[in-house]
Amino acid sequence: MKQHESRFVDLRGLRTHLHCWGPEDAPLLVMVHGWMDVGASYQFVVDALKLDYRVIAPDWRGFGLSDWPVGQGAPGIRSYWFPDYLADLDALLDHFSPTQAVNLVGHSMGGNIAMIYAGVRPQRIRTVVNLEGFGMLDSPPEKAPTRYSNWLDELKAPKELRAYGSLEAVARRLQKTNHRLSDEKAMYLARYWSAVDNSGYRLLGDAAHKIMNPIGYRLAEAQACWRNITAPVLHVEAKQTEAGLWLSRAGQPVDFDAFRKRFDCVPNWKSVIVDNAGHMVHHDQPEILAGLIESHIATE
């Protein structure tokens, strides 16, 4: 494995943890992780990159070793707002690349952040690779009263993340979610995905992330941002993705072929499907993904 450096920087008042690989004078490649994940998740892709890059993969606020906003001068906060991720990314790029556009990779939630940011700050982004960042089902206005009511109820019932008896148990939990994950990879990820305390191994994430967002997903707003993207976008989908199933569970059954059409509004967009991979495509096929990322960067 390529050795990574652990760093901390202050982003908007939060101590934010970064995983960094490669020489500091190499081209910058920023990789942002998905929900309930950490920056170390990109280790296998970084290992497979052929060229030298300065790879920076932050732990989003409330994940990994980054600060939680809860209790830090604002003890009443129990929700994570999507716009804060955009602002954190903006601060990260201000810190590491204030004048040069960067290559940006995002998985799942991170892919959605990358797509919105690339449309909001098009001059800051050179290329985008979106890994399984499909977005959510459009939320009709008539569901707003129920969403707000459910959110208020969830605020009164604090969420918790369970503890595990050993690092091996954490690794097995990762393999339960992704059966393709080898024992070696699962144990590596478990070391960064959890930390031991008096009750056992706890996942490194704020349970408040599980509280629903009272503001519904507005596809029209997302697409307005996507239309403003000037960078070439590569969308990588896993052939065995579970995304269609998750979206169906969120509401009515989804015609996933029609669902993909939402990306037609992106000006410079292409899609690749990777076989023998599920939603965690960066774990399942890191060599293929590394090649796709490098080819996409080289096209610009």
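Data block above holds the structure.
Below or above, wherever it landed, is the structure these notes cover. Bear in mind that the values here come from a model prediction, so they are computed numbers and not experimental data.

In terms of helices and strands, the protein carries 11 helices and 11 strands. Relative to the 2.2 N^0.38 estimate, which gives 19 Å for 300 residues, the radius of gyration of the protein is 19 Å and therefore close to what a compact globule would have. Expressed as a percentage of the 300 residues in the protein, the buried residues total 52%. Considering only residue pairs separated by 6 or more positions, the protein has 77% of its internal contacts joining residues 24 or more positions apart. Total accessible area on the protein stands at roughly 14,100 Å², and carbon and sulfur atoms take up 52% of it. Here the protein contributes 32 positive and 35 negative side-chain charges, whose respective centroids are spaced 3 Å apart.

Right, let's talk about the environment of Pro286 for a bit. Inspection of the secondary structure assignment puts Pro286 in helix H11 (residues 286-299). Leaving out residues up to four positions away in the same chain, Pro286 has contacts with Phe44, Val45, Ala48, Lys185 and Val281.

This part is about the pairing of strand S1 (residues 5-11). The side chains of a regular strand alternate between the sheet's two faces. When S1 meets strand S2 (residues 14-21), the two strands line up antiparallel, connected through seven bridges. The residue bridging Glu5 from the neighbouring strand is Cys20, located in S2. Between the antiparallel neighbours S1 and S2 lie two residues, among them Arg12 with a positive phi of about 55°.

Once that is clear, we can look at the sheet that holds strand S8 (residues 194-197). With antiparallel pairing, three strands are arranged side by side in an open sheet as S7-S9-S8. Of all strands in the sheet, those with a lone pairing partner are strand S7 (163-164) and S8, marking the two edges. Sheet contacts for helix H6 (residues 183-193): S8 and strand S9 (200-203); angle to S8, the most-contacted strand, approximately 60°.

It is worth spelling out the packing of aromatic side chains at this point. Enumeration over the complete set of coordinates arrives at nine aromatic pairs. Between Phe263 and Trp269 the ring centres are 5.6 Å apart and the planes differ by 15°, which places this aromatic pair in the stacked class. Ring pairing ties together the aromatic residues Phe44, Tyr188 and Tyr192, which thus form one cluster. The side chain of Arg15 reaches across the aromatic face of Phe8, ending 3.6 Å from its centre. Directly above the ring of Phe44 sits Lys185, whose terminal nitrogen or CZ lies 5.0 Å from the centroid.

Let us look at the nonpolar core. Generally speaking, nonpolar side chains in soluble globular proteins are found buried as a group. Counting residues in each nonpolar core, the largest one holds 66 residues, and the members touching the most others are Val30, Trp60, Leu89, Met115, Ile125, Val128 and Trp226. Residue contributions to this core peak at seven residues, all from helix H3 (residues 109-120). The residues contacting Trp60, other than those within four sequence positions of it, are Val32, His33, Ser66, Tyr85, Asp88, Leu89, Met109, Gly110 and Ile113. Counting 24 residues, the second largest nonpolar core, distinct from the first, contains Tyr42, Val46, Ala48 and Leu289.

Conventions and cut-offs
Residues numbered from 1 in each chain as written. Predicted model: local features only at pLDDT ≥ 70, side-chain atom pairs only at ≥ 80, totals over all residues. Heavy atoms only, no water. Helix = DSSP H or I, 4+ residues; strand = E, 2+ residues; numbered from the N terminus. Rg over C-alpha atoms; globule rule 2.2 N^0.38 Å. Buried < 20%, exposed > 50% of the residue type's maximum accessible area, 1.4 Å probe, protein only. Contact = heavy atoms within 4.5 Å. Areas by Shrake-Rupley, 256 points an atom, 1.4 Å probe, with all protein chains shown as cover. Lys, Arg positive; Asp, Glu negative; His and termini not counted. Charge placed at Lys NZ, Arg CZ, Asp CG, Glu CD. Pairing = 2+ DSSP bridges. Axes fitted to C-alpha atoms, helices over the stretch in contact; angles between N-to-C directions. Phe/Tyr/Trp six-rings, centres within 6.5 Å; stacked < 30°, edge-to-face > 60°. Lys NZ or Arg CZ within 6 Å of the ring centre and 35° of its normal. Core = buried A, V, L, I, M, F, W, Y, C linked by side-chain atoms within 4.5 Å.

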